[in-house]
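# Examination of the molecular architecture
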Amino acid sequence: MQPENQSSTIRKLIAEVIDPKDLLPKDGLSSSSSFIAADFKSHKKRLSTVHRNLNPVWNKSLKFTVSDLRTMEFEELEIEVFNDKKLSKGSARKNHFLVCVHSWIDLLSVREE
């Protein structure tokens, strides 16, 4: 049994990652093998690497649980695109950063399930 002040509703923030365009070539082969890394309130998600494509397509949704709607206006979603070092020509030591998106969360974007 739940206390009266807690709701059994689960709220999700859903970020749709579709198809970034014209990424920079970073793999030494005039291309990039990109992956997505996302972070919301220290909850990290990663999408798989799309090999050798400057216009990768993911068409995926990243879902994060929203624990407290009262603090949502102060929360930030960070989505970064990296070139996967494992697929680069040469001896890359780290993933090359390609682009980053920071977004403040709008309460209208939170869905209840």
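Residues numbered from 1 in each chain as written. Predicted model: local features only at pLDDT ≥ 70, side-chain atom pairs only at ≥ 80, totals over all residues. Heavy atoms only, no water.

## Some points on the overall build of the protein
Within the protein, the regular secondary structure consists of 0 helices and 7 strands. Along the protein, from the amino end to the carboxyl end, the secondary structure elements read β-β-β-β-β-β-β. Across the protein, the fraction of contacts at a sequence separation of at least 24, relative to all contacts at a separation of at least 6, is 66%. (Helix = DSSP H or I, 4+ residues; strand = E, 2+ residues; numbered from the N terminus. Contact = heavy atoms within 4.5 Å.)

## Concerning unusual backbone geometry
Most peptide bonds take the trans configuration, and most residues that are not glycine carry a negative phi. Of note in the backbone geometry, Lys41 takes a positive phi value of approximately 55° without being a glycine. When you line up the elements, Lys41 lands in the loop between β2 (34–40) and β3 (43–50). A residue is classified by how much of its surface remains accessible, and Lys41, at 31% relative accessible area, is partly exposed. We note that Asn59 has phi near 50°; this positive angle belongs to a residue other than glycine. With respect to the helices, strands and loops of the structure, Asn59 is situated in the loop between β3 and β4 (60–66). (Buried < 20%, exposed > 50% of the residue type's maximum accessible area, 1.4 Å probe, protein only.)

## Details of the environment of Leu98
Its place among the elements puts Leu98 in strand β6 (residues 96–104). Between the C-alpha atoms of Leu98 and Ser32, which are 66 residues apart in sequence, the distance is 9.1 Å. Leu98 has contacts with Leu23, Leu24, Lys26, Ser32, Ser34, Val81, Phe82 and Asn83, leaving out every residue within four places of it along the chain.

## Quick word on the confidence of the model for the protein
Atom-level detail of predicted coordinates should not be read off regions where pLDDT is low. Of the residues in the protein, 71% reach a pLDDT of 70 or more, and the chain-wide mean stands at 78. The secondary-structure element of the protein with the lowest mean pLDDT is strand β7 (residues 110–112), recorded at 52, while β3 shows the highest, at 94. Segment residues 1–5: pLDDT under 50, and 2 contacts once partners within four positions in sequence are set aside and those in other chains are kept. (pLDDT = per-residue confidence, 0-100.)

## Observations concerning the environment of Ile14
You can see Ile14 is positioned in strand β1 (residues 11–17). A sequence separation of 49 residues divides Ile14 from Lys63, and the C-alpha atoms of the two residues are 4.6 Å apart.

## Here we look at the side chain of Ser31
Tracing the chain through its elements places Ser31 in the loop between β1 and β2. Among the polar contacts made by the side chain of Ser31, one reaches the main-chain amide nitrogen of Asn53 at a distance of 3.1 Å. When sequence neighbours within four positions are dropped, the list of residues in contact with Ser31 reads Leu24, Pro25, Lys26, Arg52, Asn53 and Leu54. (Polar contact = N/O pair within 3.5 Å; in protein donor to acceptor, adjacent residues only side chain to side chain.)

## With respect to the packing of aromatic side chains
We describe a pair of aromatic rings using the distance from one ring centre to the other and the angle between the two ring planes. All chains considered together, the criterion is met by 2 aromatic pairs. Judged by centre distance (5.6 Å) and plane angle (25°), the ring pair of Phe35 and Phe82 falls under stacked. One end of the pair, Phe35, is in strand β2; the other, Phe82, is in strand β5 (residues 76–83), and 47 residues separate them in sequence. The exposure class of Phe35 is buried, given its relative accessible area of 4%. In this arrangement the basic side chain of Lys45 is found over the ring face of Phe64, its NZ or CZ atom lying 5.5 Å from the centre. Lying over the aromatic face of Phe35, Arg46 brings its terminal NZ or CZ to 3.6 Å of the ring centre. (Phe/Tyr/Trp six-rings, centres within 6.5 Å; stacked < 30°, edge-to-face > 60°. Lys NZ or Arg CZ within 6 Å of the ring centre and 35° of its normal.)

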